[in-house]
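This is what each chain is made of:
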Amino acid sequence: MATELSEIHNSEIELRINPQRHKDRVFVGCGAGFGGDRPLAAFKLLQRVQGLDYLVLECLAERTLADRYQAMESGGHGYDPRIVEWMTLLLPLAMDKGVCLITNMGAVDPIGAKKEVLDAANKLGLDVVVAVAYEVLKPGLGSSLLGEGSKTMEGGASTYLGAAPIVHCLEKYKPHVVITSRVADAALFLAPMVYELGWNWNDFKQLAQGSLAAHLLECGCQLTGGYFMHPGDEYRDISFEKLLDLSLPYAVISYEGEVFVAKTVGSGGILNYNTCAEQLLYEVGDPSAYITPDVVVDFQDVYFKSLSEDIVSCKGAKPSETALPDRLLQLVPLEYGWKAWGEISYGGRGCLKRAEAAEFLVRSWMDETYPGTKDCLSSYIIGYNSLKIGIADIHNLSEKQTLDIRLRMDGLFKQKEHAVHFSEEFMALYTNGPAGGGGICTGQKKEIILQKELVERQNVYWKTAMSQTKTTNQCSQNPICQDFNQIHSPREHSHTFDIPKDNSFDEINSSALTSAAPSGKRIPLYEVAHSRAGDKGNDLNFSIIPHFPRDIDRLKMVITPNWVKNIVSHLLDTSCFPSPEAIEHRNTLLDQVNIELYEAKGINSLNVVVRNILDGGVNCSRRIDRHGKTLSDLVLCQEIMLPE
């Protein structure tokens, strides 16, 4: 048996009426940083952090949103299919410790996700209040985004909602679980701060610091040493074992806007100035105007101070000159043709030339049947140049003893029959191609892109609803919960959060260089700085964070738009062996690539944004690294000469 309540609201900002301060400081943890994260890591954070108030599961991105839309259109689930797995593991302990779970695993069907969570709670014998917050059509224009039949919004559009719908759920329903549709990542974390600390929507200074905490948390273990360890780099050379028992991060935020990020005491990984700096600039574009639905934040003067091995103080975020965006970002799914791909391996003497012959044949066969389709193909050689950066002339490198390569070709076609035909032609290499090719695999899929549009706030509506289970059993009587408690005692390893009084740790723990990099000598950039890359649509974003802070002034003289454009230009090659015509086409595309350089003075770093370089973005790119994440280390391998 369940009770139901629901309400519809507008996305225009309405100040909260007499907001109540429930706490002087709130503990917000990150239980997931993307859809493929580890549930057991979330369980350990929940288990070990005493005083945790909220655990946020951030599991939605442009790629996963498009996947869920396609799945629902095909009769599958529009919500994250792992939501039952996550909730079955986390709910008993979360309720035992009084921790509210917030997640965007609802994707394009939060109503369906809510039903799954209620069913899971019933099986566990839990009396659970589950709230949902999601976008709806303007009242009077038709059906909502999700009615009882779980139909997607007209056109499948999803707007990045802010924190207000979640705050409303927390105020109105006092839920154990909040499930959302497409809500901005930072808003998932900001909402419990606003609710618990009694902030209002015009408390921009606090909202800016809260959004800083949210942005640092939203990618999970990327803040605490995951995606940071780098064997051979003396500044990031963490042992393999150090990544075991990696702690997800949590933050402690005060009413005044003080922010501390932390990992569990004694856990693996690392949390320090450098991991925070990488996460600060990750996918933010212009750090002076990081746009969220709730506040536009200026990160330029943000800085970090390590207080212990497990706690970092974060200061300096402030609202931008225009503190509140008047429009919201909307994603509209559009059919974008058919993707097809094929792979084949060659080994031994002359394997590169045989791969070149195979590529030539497949392109020619495609054009023979469907003229013009050869230009829809992109190719690369795995194990040799599959990342397409920093290689000026593959023919000069082909004299090396390369004995094991794999040719991959990707095509993006307007028609399904072209994609199917490509797979057939690629398979024909077995008997019609050069010698010794093997391990062929092919595939095709319909491709969806998410077109970005800005919409006025007053034209975006959202709805909240609540359902509650009514059970006769309690969790303590449920065999599943008893097993959890026996295997993972919730009190074991728990610790309290104490801010160290002795701040000298920051000086002795700093991993920064104590002297500047040499001048007038060609050295790889990784000897001077570290980096992380990410994507936003068709744009690449990578940071340049010097090991020695004062090297930033010399780096600014080297890292110029022309330097960056020269490095990324080969990303535009569609062949491993480009002809003069292909090179001319690449140079034409290069004219559309724009480079933006930004300085984050608080952390003495650069943020580089390369626009129109990712082959259309993650949902339609023909590259093996569709996000461009590998490019940070390829950039770091470039040799530079620092001036005096």
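Residues numbered from 1 in each chain as written. Predicted model: local features only at pLDDT ≥ 70, side-chain atom pairs only at ≥ 80, totals over all residues. Heavy atoms only, no water.

Engineer: How should I be thinking about the overall build of the protein chain in this particular structure?
Structural biologist: Tallying secondary structure elements over the protein chain gives 18 helices and 26 strands in all. By the burial criterion, 57% of the 644 residues in the protein chain qualify as buried. Long-range pairs, those at least 24 residues apart, make up 79% of the contacts in the protein chain with a sequence separation of at least 6. For the protein chain, the exposed area adds up to about 26,700 Å²; of that, 49% sits on carbon and sulfur atoms. (Helix = DSSP H or I, 4+ residues; strand = E, 2+ residues; numbered from the N terminus. Buried < 20%, exposed > 50% of the residue type's maximum accessible area, 1.4 Å probe, protein only. Contact = heavy atoms within 4.5 Å. Areas by Shrake-Rupley, 256 points an atom, 1.4 Å probe, with all protein chains shown as cover.)

Engineer: What should I look at first to understand the packing of aromatic side chains in this one?
Structural biologist: The geometry of an aromatic ring pair is captured by the separation of the ring centres together with the interplanar angle, meaning the angle of the planes. Inspection of the entire model under this criterion finds five aromatic pairs. Aromatic pair F27 and Y250: ring centres 6.4 Å apart, planes at 15 degrees, arrangement stacked. Remark: Y250 occurs in strand β8 (residues 250-254) and F27 occurs in strand β2 (residues 25-32); sequence separation between them is 223 residues. Of the two residues, F27 and Y250, both sit in the buried class. An aromatic cluster of at least three residues, connected via ring pairs, comprises F413, F422 and F426. The ring of Y255 carries the charged tip of R21 above its face, separated from the ring centre by 3.5 Å. (Phe/Tyr/Trp six-rings, centres within 6.5 Å; stacked < 30°, edge-to-face > 60°. Lys NZ or Arg CZ within 6 Å of the ring centre and 35° of its normal.)

Engineer: Even after reading the chapter, I still don't get the sheet that holds strand β10 (residues 290-291), so can you show me in this structure?
Structural biologist: What links the strands of a sheet is backbone hydrogen bonding, and the strands pair in either a parallel or an antiparallel sense. Ordered in space as β10-β11-β14, the three strands form an open sheet in which the pairing is antiparallel. Whereas interior strands pair on both sides, the edge strands pair on one side only; in this sheet they are β10 and β14 (318-319). Across two bridges, strand β11 (residues 296-298) lies against β14 in antiparallel orientation. Note that in β14 the partner of D298 across the bridge is K318. (Pairing = 2+ DSSP bridges.)

Engineer: Looking at this model, I keep getting lost on helix α1 (residues 39-48). Mind explaining?
Structural biologist: Of all 10 residues in α1, eight are buried; the element is thus mostly enclosed. Buried within α1 are the following residues: P39, A41, A42, F43, L45, L46, Q47 and R48. Contacts from the buried residues of α1 go to β2, β3 (54-57), α3 (83-97) and β8.

Engineer: Which parts of the structure should I look at to understand the nonpolar core?
Structural biologist: Side chains of a nonpolar character, in soluble globular proteins, are inclined to be buried together. One finds M193, I253 and V261 to be the most contacted residues of the largest nonpolar core, which totals 77 residues. When residues of this core are assigned to their parent elements, the largest contribution, 10 residues, is made by helix α6 (residues 185-197). The residues contacting V261, other than those within four sequence positions of it, are L216, L223, Y250, A251, L271, C276, D310, I311, V312 and C314. Ranked by size, the runner-up nonpolar core spans 50 residues in total, among them L55, L57, A113 and L307. (Core = buried A, V, L, I, M, F, W, Y, C linked by side-chain atoms within 4.5 Å.)

Engineer: Hey, could you run me through the pairing of strand β7 (residues 177-180) in this one?
Structural biologist: Sheet faces and side chains relate simply in a regular strand, where the side chains alternate between the two faces. Of the two faces of β7, the one holding V177 and I179 and the one holding V178 and T180 are both buried throughout. Note: strand β4 (residues 100-103) against β7, three bridges, orientation parallel. Residue pairing in the sheet places T103 in a bridge with I179 of β7. Two elements, strand β5 (residues 129-136) and β7, share four bridges in a ladder whose sense is parallel. In the strand pairing of β7, A133 is matched with T180.

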